[in-house]
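Residue strings, one per chain:
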Amino acid sequence: MLRVLLPLFIFSLTSSVRGKDADQKYTTKYDGVDLESVVKNERLLKSYVDCLLDKGRCTPDGLELKKNMPDAIETDCSKCSEKQKEGSDFIMEYLIDHKPEYWEALEVKYDPDGAYKRRYLEAKRNEVRAEAVE
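Along every chain, residues carry numbers that run from 1 in the direction the sequence is written. Owing to the predicted nature of the model, reporting of local features is limited to residues with pLDDT of at least 70; listing and counting of side-chain atom pairs is limited to 80 or more, with chain, interface and lining totals taken over all residues. Side-chain numbers come from the whole structure's heavy atoms, not from hydrogens or water.

(A) Looking closely at the overall build of the protein. Starting at the N terminus, helices and strands are each numbered in turn, a helix being any DSSP run of H or I of at least four residues and a strand any DSSP run of E of at least two. Looking only at helices and strands, the protein features seven helices and zero strands. Relative accessible area decides the class of each residue, using a 1.4 Å probe on protein chains only: under 20% of the type maximum gives buried, over 50% gives exposed, and in between gives partly exposed. Buried positions account for 42% of the 134 residues belonging to the protein. Only heavy atoms matter for contacts: two residues are in contact if any of them lie within 4.5 Å across the pair. Across the protein, every contact between residues at least 6 apart in sequence was considered, and the portion connecting residues at least 24 apart equals 68%. Accessible area of the protein: about 7500 Å², with a carbon and sulfur share of 51%. To measure how exposed things are, a 1.4 Å probe is used in the Shrake-Rupley method; for residues, cover is taken only from the protein chains shown.

The following block contains the structure:
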């Protein structure tokens, strides 16, 4: 569920849905965002987290993100492009591993049952096991 949070948040900064039908996708206008640069810029990362948590001002794209986030979470990012899904995984894995204080605050608001983190940790364990077998 929460795997959609950050592709919309940083990677895609989704500003709108191109249509109202369920098969429509979010705009790919922001798919070229360099996620590594974003996670290395504490000020920028924090400003987006604060926007999503209603603790700070939002840019226009941040406001759109907040508006679209419930739909994206509800549909498990079904309207996301493949690149947006990959970006969401990158950002959330980064937050879980390197910025747990941000992750925990976002998780409380957007994934209170912790489903995404459990899936991520299980996948990480499976990856380690697979590497050990090789």
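Still more ground to cover, so stick around.
(B) Geometry of the pattern of salt bridges. One speaks of a salt bridge when a side-chain nitrogen belonging to Lys or Arg is within 4 Å of a carboxyl oxygen belonging to Asp or Glu. A complete count under the given rule lists five salt bridges for this structure. Taking the shortest distance from any N to any O, the salt bridge between Lys99 and Glu42 comes out at 2.7 Å. A residue pair is termed long-range when its members are at least 10 positions apart, and Lys99 in the loop between α5 (82-98) and α6 (100-110) and Glu42 in helix α3 (residues 42-52) qualify at 57 residues. Overall, the relative accessible area of 16% leaves Lys99 in the buried class.

(C) Spatial organisation of the state of the cysteines. Pairs of cysteine sulfur atoms within 2.5 Å are identified as disulfides in what follows. Using the criterion set out here, one finds one disulfide in the structure. Put simply, Cys51 and Cys58 are joined by a disulfide, and their sulfur atoms are 2.1 Å apart. Negative torsions about the S-S bond denote left-handed disulfides, and the value of about 105 degrees found for Cys51 with Cys58 makes this one right-handed. Taking relative accessible area as the criterion, Cys51 reaches 2% and is therefore assigned buried.

(D) Spatial organisation of the packing of α5 against helix α7 (residues 115-133). For helices, the axis comes from a line fit to the C-alpha atoms of the stretch in contact; other axes are also lines fit to C-alpha atoms, and the angle between any two N-to-C directions lies between 0 and 180 degrees. Axis separation between α5 and α7 bottoms out at 11 Å; the angle between their running directions is 90 degrees. In terms of orientation, α5 and α7 fall into the roughly perpendicular class. For the pair α5 and α7, the contacting residues are Asp89, Met92, Glu93, Ile96 and Asp97 in the first and Tyr116, Lys117, Tyr120 and Lys124 in the second. Each residue gets one of three labels, nonpolar for Ala, Val, Leu, Ile, Met, Phe, Trp, Tyr, Cys and Pro, charged for Asp, Glu, Lys and Arg, and polar for the others, Gly among them. Looking at the contact of α5 with α7 residue by residue, the class counts come to four nonpolar, no polar and five charged. For this classification, under 35 degrees means roughly parallel, over 145 means roughly antiparallel, 65 to 115 means roughly perpendicular, and everything else is oblique.

(E) Representation of α5 within the structure. Taking 1.5 Å per residue as the helical rise, α5 with its 17 residues ought to reach 24 Å, and the 24 Å between its terminal C-alpha atoms agrees with that figure. Every buried residue belonging to α5 is among Gln84, Lys85, Gly87, Ser88, Ile91, Met92, Leu95 and Ile96, and all of these are buried. Take α5 and look down its axis: the buried residues cluster within an arc of 160 degrees, on one side only. Of the exposed residues in α5, the ones pointing more than 90 degrees away from its buried face are Glu82, Glu86 and His98. In this scheme, a helix's expected span is set at 1.5 Å multiplied by one less than its residue total. What the arc covers is the set of directions going from the helix axis to the C-beta atoms.

(F) Here's a closer look at α7. With 19 residues, α7 extends 27 Å from end C-alpha to end C-alpha; this agrees with the ideal 27 Å at 1.5 Å per step. Turning to α7, its buried residues number three or more, namely Ala115, Tyr116 and Tyr120. Angular distribution of buried residues about the axis of α7 spans 125 degrees; they occupy a single face of the element. For α7, the exposed residues lying more than 90 degrees away from the buried face are Val128, Ala132 and Val133. Check the buried side of α7 and you find it contacts α5 and α6.

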